[in-house]
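# Close look at the chain arrangement
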Amino acid sequence: FSINDLILSKTMADYLRFIGKELDSDDSEASEADDDYLETLLAKTEASTPRPKFVDPPARIPEVPKRQITMKLRDPCFASSPGADVFSMSFSQDETFLAVAYSSGEVRVHTTAKGNVSYRVQINVKRSPATVVRFRPDHEGKKNLMLVGGARGEVQLFHVTSRRCLWSTVEVDAETNEANALNAADYRPDGLFLATAGRDTSVRVYDELKHVVVRQLRTDPLEGITGHANRVYGLKWHDQDPNLVLSGGWDRTVRVWDLRAPNAVKTIVGPHICGQSLDVRGGTVLCGTDADEEQLCLYDLSSCKRIKHLPLPIHDAHVLACQFIPSLPNAVAVAGSKGLACVLDADSGAVIGEERCVASVWACATMAKTAAFGCAGGYLSCLTSR
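Within each chain, residue numbers correspond to sequence positions counted from 1 in written order. Per-residue local features are limited, in this predicted model, to residues with pLDDT of at least 70; the limit for side-chain atom pairs, both in listing and counting, is 80 or more; totals at the level of whole chains, interfaces and linings are taken over all residues. Water and hydrogen atoms were dropped before computing side-chain values, which therefore reflect all heavy atoms in the structure.

## Structural notes on the confidence of the model for the protein
Formally: What pLDDT expresses is the predictor's confidence in each residue, scored from 0 to 100. Any two residues whose heavy atoms approach within 4.5 Å at even a single point are treated as in contact.
With 82% of its residues at a pLDDT of 70 or more, the protein has an overall mean of 86. Note on residues 21-25: pLDDT is under 50 here. Beyond four places in sequence and across chains, it has six contacts.

See the structure below:
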C-alpha cells in the first residue's frame, strides 16, 4: 500500500469504529435486521398516511379592464360669435351657467343646457379687456354671484340674473400708483375668501363678506418675505386645505402660501406660467408652461419635485390654460397655442378627447365631465364624456 492508502484505511477504520462497527467485522446479520426494520417502518407509514388528493388549480380570475374614457364634442355647443378674444371662463357651482370674459370688456353668460347667451355685462365704458371671471361658490343660499377682473384693475362682483353690480373696487400698485392689471383670481372652496393677482406681483386675499383686503402676499425685504419677482398669472386655492393658496408667474416659480405663516412655505422652481395654467388636487400640482418642451407637468406638493410631464398632441404648442376635471379623477383639460384644445389622461398621458381649433386657445373651464375652451377670435368649443 502507498502512504495515501494507509491514511485512507486508517481514517475509514476510525469512522466505522465511531459508529460502532469494525472494519473487518461480519455485519450481515445487522444488515438483515436493518432491512427488516426499514420494511416494517415503510409499511406503517403507507398505512397511516393518506395519499394526497390531486385537485385542479383554481381558475384564474380575469382582470377587469380599466374603463376607457372618451370625450366628444358637445352638442349643442355654446354659441360663438367672431370678434373679441376669449381671456377667461368659469362654470357656476351648480353647473347652470358658463361665464366667458372677452378682450372687449364684455362678459357673456351662457346656459349650459342649451348653450345660448342669457346675460351680458360690461365692466367699463372704455371696453378694456375683462381678463378673469370666476363664479363664487354658493354660500348661505347666495347663488349666481360672478366676479370679474379687468386690465385696469377692476374687481367687480355681479349678480348674474339681475345684472346688478353688488361691489366693485380698483386695485392700485402701491409703488407706482398705477392700476394693477388683474391676471388671475380664485375663490376659496367655501366662498368666504377671494385671492387676486396680476401685474404688481402681489397676491391679495379679500374677506368676501366684508370686501376688504386682509392679507397681501408679496416681497418685503424688511420683514424677510420673498414673494414673486414678476407678474403673476396662475392662482389657485387648495381644494382640501383652506389655508393654502398657490401662485405662479413669469419668475418661473410656484409659491405655496399658508395664511397662518408670513412667508411662502414651499416653492416649486421651474414652471414659466403665462396664463391661468395652475391647478392643484390633493397632493398633486398641475402646471402648464410657456416652453418649447415638457410644457405640461405634474408636481408633488409635499416635496415640490416633478412627478412627470405629459406629452401634448401638438408637441410644440405652449400651454396657456389647464385644469383638472372634477368628476374624472385622472383627466386634465389643456388649452394652448396652435389650436391646442384637448383632454389628457394624467396617468397614461393618452388623449381622451381633442379638437384642433383654428386659432390659439387662451382659456378653459371644467365641470363634472365637461371641458370648455375659448379661443382667439371668440370661438368656443366643448368636449364632454357621456
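After that view of the structure, there is still more to cover.
## Regarding the layout of surface pockets
Filter applied, for reference: The pocket and cavity definitions rest on a 1 Å grid over protein atoms only: a 1.4 Å probe that fits but cannot leave marks a cavity, an open set with protein on both sides within 12 Å along at least five of seven lines marks a pocket, and residues lining either have an atom within 4 Å of a point. Grid points are joined across faces, edges and corners, and a volume is the space filled by probe spheres set on the points. To qualify as a helix, a DSSP run of H or I must reach at least 4 residues; to qualify as a strand, a run of E must reach at least 2; elements of each kind are numbered from the N terminus. For this classification, Asp, Glu, Lys and Arg are treated as charged, while Ala, Val, Leu, Ile, Met, Phe, Trp, Tyr, Cys and Pro are nonpolar and the rest, including Gly, are polar.
Here the largest pocket is characterised by a volume of approximately 890 Å³. For the largest pocket, the lining is made up of 34 residues, of which Asp186, Lys236, Gln323, Pro326 and Thr366 are closest to its centre. For the lining of the largest pocket, the elements supplying multiple residues, two or more each, are β2 (86-91), β6 (130-135), β10 (182-187), β14 (232-237), β18 (278-281), β22 (319-325) and β26 (361-367). In terms of residue count, β18 provides more of the lining of the largest pocket than any other element does, four residues in total. Here the lining of the largest pocket is built from residues that sort into 17 nonpolar, eight polar and nine charged. Considering only enclosed or pocket space, the second largest pocket measures out at about 280 Å³ in volume. Along its surface, the second largest pocket is lined by Phe87, Thr131, Leu182, Asn183, Tyr233, Cys274, Gly275, Gln276, Leu320, Ala321, Trp362 and Ala363. Elements with a contribution of two residues or more to the lining of the second largest pocket: β10, β22 and β26. By residue class, the composition of the lining of the second largest pocket is eight nonpolar, four polar and no charged.

## Regarding the sheet that holds strand β1 (residues 72-73)
Quick reminder of the rule: A strand pair is defined by DSSP finding two or more bridges across the two strands.
The strand order β1-β28-β27-β26 describes an open sheet built from four strands, whose pairing is antiparallel. Among the strands making up the open sheet, the edge pair consists of β1 and β26. Bridge count between strand β27 (residues 370-375) and strand β28 (residues 380-384): five bridges; the pairing is antiparallel. Opposite Gly374, over in β28, you have Leu380 as the bridge partner.

## A short note on the environment of Arg231
Its location among the elements puts Arg231 in the loop between β13 (212-217) and β14. In this structure, the C-alpha to C-alpha distance between Arg231 and Thr201, residues 30 residues apart in sequence, is 5.0 Å.

## A closer look at the sheet that holds strand β16 (residues 253-258)
Selection rule: Fitted lines through C-alpha atoms serve as axes, helices being fitted only where they are in contact, and the angles separating the N-to-C directions of these axes extend from 0 to 180 degrees.
Strand order in the open sheet formed by four strands is β14-β15-β16-β17, with antiparallel pairing between adjacent strands. Each edge of the open sheet is held by one strand with a lone partner, namely β14 and β17 (264-269). Along the sheet, successive strands turn relative to each other by an average axial angle of 20°, direction set aside. Looking at chain direction, β14 and strand β15 (residues 244-249) are connected through five bridges and run antiparallel. Paired with Lys236 across the strands is Leu246, a residue of β15.

## A closer look at the nonpolar core
As a reminder, the rule being used: What we call a nonpolar core is a set of buried Ala, Val, Leu, Ile, Met, Phe, Trp, Tyr and Cys residues that are connected through their side-chain atoms within 4.5 Å. The buried label applies to any residue whose accessible area, calculated with a 1.4 Å probe on protein chains only, is under 20% of its type's maximum; exposed applies above 50%, and partly exposed to all values in between.
Ranked by internal contacts, the top residues of the largest apolar core, which has 17 residues, are Met71, Ile325, Ala333, Val343, Val361 and Phe373. Contributing elements (two or more residues each) for this core: β22, β23 (328-336), β24 (340-345), β26 and β27. Other than its neighbours up to four places away in sequence, Val361 contacts Leu320, Ala335, Gly336, Gly339, Leu340, Ala341, Phe373, Gly374 and Cys375.

## Considering the side chain of Gln295
Rules: Polar contact criterion, stated in full: a pair of N or O atoms within 3.5 Å, where within protein one must be able to donate a hydrogen and the other to accept it, and residues adjacent in sequence count only if both atoms are side-chain atoms.
Mapped onto the elements of the fold, Gln295 is located in the loop between β19 (284-288) and β20 (296-300). A distance of 2.8 Å separates a polar side-chain atom of Gln295 from the backbone oxygen of Ala317. Sequence-distant contacts of Gln295, that is, excluding residues within four places in its chain, are made with Cys287, Gly288, Thr289, Leu312, His315, Asp316, Ala317 and Val319.

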